[in-house]
Amino acid sequence: MKKKVTKAIFPVAGMGTRFLPATKSVPKEIMTLVDRPLVQYAIDEAREAGIKEFIFVTSRGKGALEDYFDHAPQLEQELRKKGKDELLETLQSTNMDSGAIAYIRQHKALGLGHAVWCARRLIANEPFAVMLPDDVIAGETSCLKQMVEAYAETGGNMVAAMEVEPQHASSYGMLDVAEDMGQLVKVRGMVEKPKTEDAPSNLAVIGRYILEPSVLRNLNQIKSGAGGEVQLTDAIARDIEQENNVYGYRFRGQRFDCGSKSGFLQATVAFGLARDDLRDDLQAYLQSVMQVDKAAE
Ligand code: UTP
């Protein structure tokens with residue numbers, strides 16, 4: 001029987017330079033889509049997928065992220081006193097069980113692979129998820145839940161995969177596909193940020209992974225050899241060389257790249273329009289802006 005995936009690593013130690021100056025003092029993961037920080041979307045997704053232990057790899061200046069997960073008894077009491085039950089419920093839905101969250105420090109931003117490696121002692125010999133909160137995925141069933149269900153059938157390593165335009169291949173890890181089975185593809189190799197003409201397929205890896213502990217052992221070796229950034233995709237690709245399976249999973253849902261300004265703005269509009277309390281106003285505003293734009297043309 002395959003082991004259940006109950007632990008997730010959230011590497012959030014990057015510098016977030018694309019959002020400077022905001023990220024001088026605000027961790028990117030705390031920036032809000034409508035009224036919830038990016039990290040809350042990732043936590044909700046993980047919970048839906050059955051994750052019980054949440055491991056954050058953080059760095060200097062991420063204090064606000066740790067504070068966010070504290071309970072707020074005084075605030076809860078105030079809301080209760082004022083009869084603001086709905087807000088109280090919203091607040092309480094973000095409370096985490098005692099001991100469910102662990103924080104590990106990545107002392108130097110040596111890359112995503114290195115960040116995952118930093119959490120190795122909390123993983124032991126079991127499969128684990130990696131989630132990048134920058135990638136926000138809207139859909140009926142959480143992306144990680146879909147992957148956990150598929151993983152229960154396949155085992156091996158699994159990465160979330162998404163079709164991208166050829167000219168965007170250089171922003172992603174791209175899959176070299178051995179066999180296309182529809183929702184799942186069997187992966188022969190992975191190329192990190194290739195030029196358009198070198199991309200082995202149009203399937204890009206995005207920030208959701210289910211990995212075997214062997215990937216951590218690979219990271220161990222890569223880490224001691226590499227001078228620059230330690231890539232997670234290299235460690236996964238090594239698993240293929242060691243005859244372990246790697247699958248790409250075409251998830252159902254819409255992914256927003258909230259690590260970029262444009263993606264973040266698009267997500268803000270999409271999540272705003274999805275809210276009953278905001279839709280009408282926002283829609284009217286967007287329509288009026290579009291009309292002004294058209295008139296100016
Ligand atoms: P990004 O490539 O988006 O880098 O990292 P970044 O620092 O967050 O943002 P920019 O590019 O400077 O604007 C992808 C994910 O990997 C984590 C980041 O926190 C983010 O979740 N990461 C990256 C680490 O945890 N450590 C690293 O050394 C690098």
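Described below are features of the structure shown in this document. (Residues numbered from 1 in each chain as written. Predicted model: local features only at pLDDT ≥ 70, side-chain atom pairs only at ≥ 80, totals over all residues. Heavy atoms only, no water.)

## Topic: the overall build of the protein chain
Counting its secondary structure elements, the protein chain contains 10 helices and 13 strands. Relative to its length of 297 residues, the protein chain is compact, with a C-alpha radius of gyration of 20 Å against a globular reference of 19 Å. On the principal axes, the C-alpha backbone points of the protein chain span a range of 60 × 55 × 40 Å. A burial count over the protein chain gives 45% of its 297 residues as buried. Considering only contacts within the protein chain whose residues lie at least 6 apart along the sequence, 75% involve residues at least 24 apart. Split by element, the accessible area of the protein chain, about 15,700 Å² in all, is 49% carbon and sulfur. With 36 positive and 42 negative side-chain charges, the protein chain shows a spacing of 6 Å between the two charge centroids. (Helix = DSSP H or I, 4+ residues; strand = E, 2+ residues; numbered from the N terminus. Rg over C-alpha atoms; globule rule 2.2 N^0.38 Å. Buried < 20%, exposed > 50% of the residue type's maximum accessible area, 1.4 Å probe, protein only. Contact = heavy atoms within 4.5 Å. Areas by Shrake-Rupley, 256 points an atom, 1.4 Å probe, with all protein chains shown as cover. Lys, Arg positive; Asp, Glu negative; His and termini not counted. Charge placed at Lys NZ, Arg CZ, Asp CG, Glu CD.)

## Some remarks on the environment of alanine 169
With respect to the helices, strands and loops of the structure, alanine 169 is situated in the loop between strand E8 (157-163) and strand E9 (173-180). You can call alanine 169 buried: its relative accessible area is 1%. Taking C-alpha positions, alanine 169 is 26 Å from tryptophan 117, a pair spaced 52 residues apart along the chain. Excluding its chain neighbours within four sequence positions, the residues that come into contact with alanine 169 are Met174, Lys193, Pro194 and Ala199.

## Side note on the site of the ligand
Not every one of the 16 residues close to the ligand is listed here, only the nearest: Pro11, Thr17, Lys28, Gln106 and Gly111. With respect to the ligand, the side chain of lysine 28 contributes an N or O atom lying 2.7 Å from an oxygen atom. Against a free-state accessible area of 570 Å², the protein chains account for coverage of 81% of the ligand. (Near = heavy atom within 4 Å. Polar contact = N/O pair within 3.5 Å; in protein donor to acceptor, adjacent residues only side chain to side chain.)

## Quick look at the state of the cysteines
All chains considered together, the criterion is met by 0 disulfides. Note on cysteine 143: no disulfide assigned, nearest cysteine sulfur contributed by cysteine 258 at a separation of 14 Å. (Disulfide = S-S within 2.5 Å.)

## Focus on the packing of aromatic side chains
Tallied over the entire structure, the rule returns 8 aromatic pairs. Here the aromatic rings of tyrosine 68 and phenylalanine 69 are separated by 5.3 Å at their centres, their planes lie at 75°, and the arrangement is edge-to-face. On the basis of relative accessible area, tyrosine 68 is assigned to the partly exposed category, the value being 25%. The class for phenylalanine 69 is buried, based on a relative accessible area of 7%. Among the aromatic residues, those joined into a cluster by ring pairs are Phe10, Phe54, Phe56, Tyr68, Phe69 and Tyr103. For the cation-ring pair, arginine 36 lies above tyrosine 41, with the distance from its terminal atom to the ring centre recorded as 4.9 Å. Positioned over the ring face of tryptophan 117 is arginine 120, at 3.7 Å from the centre of the ring. (Phe/Tyr/Trp six-rings, centres within 6.5 Å; stacked < 30°, edge-to-face > 60°. Lys NZ or Arg CZ within 6 Å of the ring centre and 35° of its normal.)

## Details of the nonpolar core
With 41 residues, the main nonpolar core has Phe10, Phe54, Phe56 and Met158 as its most contacted residues. Element by element, the count of residues in this core is highest for helix H6 (residues 143-154), at 6 residues. The contacts of methionine 158, once residues within four sequence positions are left out, are Met147, Ala150, Tyr151, Leu184, Arg208, Tyr209, Ile210, Tyr247 and Tyr249. One finds Ile9, Ile123, Val230 and Leu232 within the second-largest nonpolar core, a separate group that totals 32 residues. (Core = buried A, V, L, I, M, F, W, Y, C linked by side-chain atoms within 4.5 Å.)

What is shown is where atoms sit, not what they do.
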